[in-house]
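# Geometric and topological summary
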Number of protein chains: 2
Amino acid sequence: MGVPLGIFNRLSFSSMSLKPLVDVHTHVYLPRYASWLRSRSVAPKIMSIEGGEERLLILENEPSGGRPVGPQYWDRQEKLRFMNLHGIDISFVSTANPWLDFLSAKDAHELALGLNNDLEEYCSTGPSYSDSVLKRLYGLGLLPLVPGITIDAIVEAVNQIAAAPHLKGLIMGTKGIGKGLDDEALDPVWQAIEAAGLVVFLHPHYGVDSNAWGDKDNGHVLPLALGFPFETTTATARLILSGVFDRFPSLRILLAHSGGALPQLSSRLASCIDHDPVVASRLKHDARFYLGKLYFDAVAYGPEELGFVSEVVSRSKRFEAGSTVQGEADRREGSHRMLFGTDHPFFPPLTSTEKWKSVVENLEAIASVPGWGTSEKDGVRGGNALSLFGLQI
Amino acid sequence: MGVPLGIFNRLSFSSMSLKPLVDVHTHVYLPRYASWLRSRSVAPKIMSIEGGEERLLILENEPSGGRPVGPQYWDRQEKLRFMNLHGIDISFVSTANPWLDFLSAKDAHELALGLNNDLEEYCSTGPSYSDSVLKRLYGLGLLPLVPGITIDAIVEAVNQIAAAPHLKGLIMGTKGIGKGLDDEALDPVWQAIEAAGLVVFLHPHYGVDSNAWGDKDNGHVLPLALGFPFETTTATARLILSGVFDRFPSLRILLAHSGGALPQLSSRLASCIDHDPVVASRLKHDARFYLGKLYFDAVAYGPEELGFVSEVVSRSKRFEAGSTVQGEADRREGSHRMLFGTDHPFFPPLTSTEKWKSVVENLEAIASVPGWGTSEKDGVRGGNALSLFGLQI
């Protein structure tokens, strides 16, 4: 619905294109990680079922007994085949949730270092992009963010990622080392990430307490459609409230799923802060200012959503302390902080040869945002990602 | 910030205005209800503190030991004084959360009937609006929605409200009779509400599990700014998934706080449903269609938020099954389902004589929505409410 057939041709770029299509939200379970999941008896785990197939159980008591899992999760050729099918030139690949969250400090530390090496190799030995110096695959590494870990071990992984030529950032969940991302014990980690110029891709896993979803069988719909964005929204609001963006003003955080509900709730957040002088006095700026310091993937499935997020970014300068900026927000400006993503290999289609509806919808959404011109759309499709990650064609 | 002084004059309507300012989101604890809260030893309760002042504790373990509560919660003169201060001509008054949720079935039944009578009297004996046949106060009644109640007792309250000349709808939380609003046991209630032409004002109280907010002291900010909208979003998504809007297509539901996060997550919701054929097959339309059947208060504190909500309403017709509508959504059309509200007596200012910042911000937001003309803004300020509630000047 809402996807005219013509879009398949119109949006298909060859890998020779000078305006590349770049995917910043695409996941992998590298073989080392998949082996670990196969060795487990509780979620997260990969189980063998009859006929040699495997099922992935991310959370215990997941509806439908887990989802099919196969080479699209770990095989680089499958990632490239998916990219070619959709005209994606370059991908920034990250481990899918739940990352290392379920491991002991010792195992998480060891696996983070091993997986970062694996991911660097996955990218560096992969194909080049056209005849440029660029590769088609770059990576976002992992930190051993688990309870009981030392801050030194986390910073060691930050430095490892910073030294790996094809890792341009890292993916992070919302738990930190057990108390969330507003834990000031993480300040040295933010400092190291900021100093290294790495991008943090903030991604949900836990949602909210499942009592919220009620008794009805709605499959994965509510935890995925609502729980995931609620988690990202909460984590980012807590980061804002903790002053992290005041203390580390050059920190670059990319929010999954277009920031969840944060853009729509940001004026309410600002109003609630404003009515609590103790909280308000801790922050340098109105809460809406900080949304202009964030980056948002364009995984929201609709043009109205994307246009709105870009407006919220644009208006942020009105909310810098002492600002005299007034008037309507120019949504073209905010688009520069938005970046195409697919969420591959999740949301697959029913047959293996067709284009993925989720991908087509997100491309169609970018193409249809009112108020964005060709230049803004090209930026969201790829140019903004290259700028953010410091790559030049 | 962002509120030029001129707005105070520009938005000040006298009660003689032909384009009235109408508040659809304004609360009261009627004396009968306040007495009940005073008699309780656990939350919700009203406690006396030193100096004869009282504190309201809505939830146990609330930060700061409860909020100041006084005549602005129960005294009609205080409500009118607030309305006059802000140029509000007509208010649709509803009991504030947690309504009757904490009561036994017997007490809830008795108190609902008593409070509906009280509210009818509160409105009918109040002042008239200008020299018209209208009053300045109308009410939204209560249903005894608690576990163990009979459906007959709930329908009795629906019929009581329908028969009261100054009650135009009812306010409802999200718990239903214990299993949420997607409980099919409630179908006779929806049927009675639909048949009576009453408006349902859906309002949050519980938020989500407080573990989400972490250990830091952020006052009420996170549960109010995020938890409330998350709850409304979840309840409405569950209503959509349960098919209530397919079974009761004339049901009119007004969402508090501009629908929370539902507009921004609606395309993601539609995509997640689309990838679960079992769930998708239960619904007549794409999830985004149903947003066009809803009404949204304009309590979102920012013009970008309001404009976006109106776009999401406008686009809904593209998502009716079989629709051939294409092209950009005209946000003016969607504005007709949006209605000014204040959330009085919550979010008060620091001194009792100044205009309320929360109110001024919401009026300023309506005045500043890009793409809305004077007629749309007048509608959101009052005309839409009069149409929805069937009142003519």
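Everything in this summary refers to the structure shown in the same document. (Residues numbered from 1 in each chain as written. Chains lettered and ligands numbered in written order. Predicted model: local features only at pLDDT ≥ 70, side-chain atom pairs only at ≥ 80, totals over all residues. Heavy atoms only, no water.)

### Overview of the interface of chain A and chain B
Keep this limit in mind: Contacts between residues were defined by any pair of non-hydrogen atoms, one from each residue, lying within 4.5 Å. Buried area counts how much accessible surface, traced with a 1.4 Å probe, disappears from two parts once they are put together, with both parts' losses summed. What makes a salt bridge here is a side-chain nitrogen of Lys or Arg within 4 Å of a carboxyl oxygen of Asp or Glu, nothing more.
Chain A puts 72 residues into the contact, and the matching count from chain B is 73 residues. For the pair chain A and chain B, the two sides together bury roughly 6,100 Å², of which 58% comes from carbon and sulfur. For the interface between chain A and chain B, the tally reads 10 salt bridges. Ionic pairing is found between Glu305 of chain B and Arg315 of chain A, a salt bridge with its closest N-O pair at 2.7 Å.

### What about the relation of the copies chain A and chain B?
Condition: We place the copies in one frame by least squares, fitting the C-alpha atoms of every residue whose pLDDT is at least 70 in both.
Rotating chain A by 180° and translating it 0.0 Å along the rotation axis places it on chain B, where the RMSD comes to 0.0 Å. Viewed as a symmetry operation, the transformation between the two copies matches a two-fold axis. When you check the interface residues of chain A against chain B, 100% turn up at the interface there too, and the contact is symmetric in its surfaces.

### Let's talk about the packing of helix H2 (residues 31–38) of chain A against helix H4 (residues 105–124) of chain A
Put simply, the rule reads: To obtain each axis, a line is fitted to C-alpha atoms, and for helices this fit is confined to the stretch in contact; angles are then taken between N-to-C directions over 0 to 180 degrees. Only runs of H or I of at least four residues qualify as helices and only runs of E of at least two qualify as strands under DSSP, and these elements are numbered from the N terminus.
Here H2 of chain A crosses H4 of chain A at 145°, and the two axes come no closer than 9 Å. Contact with H2 of chain A, carried on its side by Arg32, Tyr33 and Trp36 of chain A, involves Asp107, Leu111, Gly114, Leu115 and Asp118 of chain A of H4 of chain A and no other residues of that element.

### With respect to the pattern of salt bridges
Applying the stated criterion to the full structure yields 35 salt bridges over all chains. As a salt-bridge pair, Arg32 of chain B and Asp118 of chain B come within 2.6 Å of each other at their nearest N and O atoms. You can see Arg32 of chain B sitting in helix H2 (residues 31–38) and its partner Asp118 of chain B sitting in helix H4 (residues 105–124), a full 86 residues away along the chain. Of the charged contacts, one joins Arg332 of chain B and Asp330 of chain B as a salt bridge, the two residues approaching to 3.1 Å between their closest N and O atoms. Linked by salt bridges that have partners in common, Glu304 and Glu305 of chain A together with Arg315 and Arg318 of chain B make up one network.

### Focus: the packing of aromatic side chains
Residues and elements named next belong to chain A. What counts here: Centres within 6.5 Å make a pair out of two Phe, Tyr or Trp rings, where for Trp the six-membered ring is used; the pair is then stacked when the planes are under 30 degrees apart, edge-to-face when over 60, and tilted otherwise. Relative accessibility under 20% of the residue-type maximum defines a buried residue, over 50% an exposed one, and the middle range a partly exposed one, all with a 1.4 Å probe and only protein chains included.
Following the criterion strictly, the structure yields 24 aromatic pairs over all chains and no others. Taking the centre distance of 5.5 Å and the plane angle of 25° together, the rings of Tyr29 and Tyr73 count as stacked. Of the two residues, Tyr29 sits in the loop between strand S1 (22–28) and H2 while Tyr73 sits in the loop between strand S4 (67–69) and helix H3 (76–86), which places them 44 residues apart along the sequence. Relative accessible area serves as the criterion here: at 0%, Tyr29 is assigned to the buried category.

### Details of the sheet that holds strand S3 (residues 54–57) of chain B
Residue and element names in this part refer to chain B. Here is the rule: For two strands to be treated as a pair, DSSP must find at least two bridges joining them.
Ordered by their spatial adjacency, 3 strands build an open sheet running S2-S3-S4, and the pairing between neighbours is antiparallel. Of all strands in the sheet, those with a lone pairing partner are strand S2 (45–48) and strand S4 (67–69), marking the two edges. For this sheet, the mean angle separating the axes of adjacent strands, direction not counted, is 40°. Of the pairings in the sheet, the one linking S2 to S3 comprises 4 bridges and is antiparallel in character. Each bridged residue has a counterpart across the sheet, and for Ile46 the counterpart in S3 is Leu56. Taken strand by strand, H2 contacts S2 and S3, and its axis lies near 70° from that of S2.

### Topic: H2 of chain A
All names here are of chain A. Test applied: This arc is built from the directions going out from the helix axis to the C-beta atoms.
Every buried residue belonging to H2 is among Tyr33, Ala34 and Leu37, and all of these are buried. Down the axis of H2, the smallest arc covering the buried residues is 100°, so these residues share one side. Buried residues belonging to H2 abut strand S2 (45–48), strand S3 (54–57), strand S5 (90–95) and H4.

### Some words on the pairing of strand S9 (residues 252–255) of chain B
Sheet topology places strand S8 (residues 199–202) of chain B next to S9 of chain B; 4 bridges connect them, and they run parallel. Bridged to Val199 of chain B within S9 of chain B is Arg252 of chain B.

### Observations concerning the side chain of Asp23 of chain B
Residues and elements named next belong to chain B. To keep things clear, this is the line we draw: By the counting scheme adopted, Arg and Lys are positive, Glu and Asp are negative, and His together with the chain ends is not counted. Counting of polar contacts relies on pairs of N or O atoms within 3.5 Å, with two restrictions inside protein: one atom must be capable of donating a hydrogen and the other of accepting it, and residues adjacent in sequence are counted only when both atoms are side-chain atoms.
Here Asp23 shows up in strand S1 (residues 22–28). For the buried Asp23, which has no salt bridge, the nearest side chain bearing the opposite charge is Lys79, at an N-O separation of 6.3 Å. A distance of 2.9 Å separates the side chain of Asp23 from the backbone nitrogen of His25, its partner in a polar contact. Side-chain polar atoms of Asp23 contact the side chain of Thr342, separated by 2.5 Å. With residues near it in sequence (within four places) discarded, Asp23 still touches Phe82, Ile88, Ile90, Ser91, Phe92, Phe340, Gly341 and Thr342.

### Details of unusual backbone geometry
Residue and element names in this part refer to chain B. Between Ala43 and Pro44 the backbone carries a cis peptide bond, its omega angle lying at 0°. Following Asn97, the chain continues to Pro98 via a peptide bond in cis, the omega torsion being 10°. Topologically, Pro98 is positioned in the loop between strand S5 (90–95) and H4. Despite not being glycine, Trp99 has its phi angle at roughly 55°, a positive value. A relative accessible area of 3% means that Trp99 is categorised as buried. Positive phi outside glycine occurs at Phe347, with the angle close to 60°. Looking at the secondary structure, you find Phe347 in the loop between strand S11 (338–339) and helix H14 (357–367).

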